[in-house]
Amino acid sequence: MLIQQVHHVAYRCKDAKETVEWYGKHLGMKFVLAIAENEVPSTKAPDPYMHVFLDAGNGNILAFFELPSQPPMDRDRNTPSWVQHLALKVDSVDTLLATKAKLEAAGIEVVGPTNHTIFKSIYFFDPNGHRLELAADCGTPQMMQRLDAVKWEMLEEWSRTKRAPKHAAWMHDGSVEA
């Protein structure tokens, strides 16, 4: 495979300092790097920015750009707010629930936990309006094998019909078998 891993994922933020502090306080992410320029290196456009990088664990980096000379940031209004999100893995359902309690105690509205059968998730927004998901895996190897066995059939059916295939309906219809 050509790709070794994700180098970093970058989003826009309203305030770089507030973002670094929020992710450190609420998700324990360490601030690892800042890059600031008055000119965009790839395009040479005069556009000052602050680019901050946070450790998301296991070599994964979450980055943000603050762009003070651009119009205020907004989200894609043609896409529902639940679609565009960053999902971050936690080690257990216990950690997921403890983090939910910590976020709620800080006044952050949290949805979930939502049971996706192979993982459980909570959802919330950062101060920039980015939707975040924390997910704890809980699927069995047998569940993962069942999903792997039907993924291409599901994709082909979806491609033809644009309707949800029923190959993995067991995940949400209460008929889960390990």
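First, a word on scope: everything that follows refers to the structure included in this document. The structure displayed is predicted, hence computed values, not measured ones.

### A look at the pairing of strand S8 (residues 131-137)
Alright, step 1. Counting buried residues in S8 gives six out of seven residues, a clear majority hidden from the surface.
Alright, step 2. As paired elements, strand S5 (residues 85-90) and S8 share six bridges and run parallel to each other. Across the sheet, Ala87 pairs through a bridge with Glu133, a residue of S8.
Alright, step 3. Of the strand pairs in this sheet, strand S7 (residues 119-125) and S8 are connected by seven bridges, and their pairing is antiparallel.

### Topic: the pairing of strand S2 (residues 31-39)
Alright, step 1. Where S2 meets strand S3 (residues 46-55), seven bridges bridge the pair, whose relative direction is antiparallel. Counterpart to Ala34 in the pairing with S3 is Val52.
Alright, step 2. Hairpin connection of S2 to S3: six residues between the antiparallel strands, including Lys44 at a positive phi of 70°.

### Notes on unusual backbone geometry
Alright, step 1. Here the amide bond leading from Gly112 into Pro113 is cis, since omega sits at 20°, within 30 degrees of zero.
Alright, step 2. Mapping Pro113 onto the fold places it in strand S6 (residues 111-115).
Alright, step 3. The phi dihedral of Asn58 falls on the positive side, at around 55°, and the residue is not glycine.
Alright, step 4. Secondary-structure assignment places Asn58 in the loop between S3 and strand S4 (61-66).
Alright, step 5. Judged by relative accessible area, Asn58 falls into the exposed class, the value being 80%.
Alright, step 6. One non-glycine residue with positive phi stands out, namely Lys162, at about 55°.
Alright, step 7. Of note, Lys162 is situated in the segment after helix H3 (141-161).

Calculation notes
- Residues numbered from 1 in each chain as written.
- Predicted model: local features only at pLDDT ≥ 70, side-chain atom pairs only at ≥ 80, totals over all residues.
- Heavy atoms only, no water.
- Buried < 20%, exposed > 50% of the residue type's maximum accessible area, 1.4 Å probe, protein only.
- Helix = DSSP H or I, 4+ residues; strand = E, 2+ residues; numbered from the N terminus.
- Pairing = 2+ DSSP bridges.

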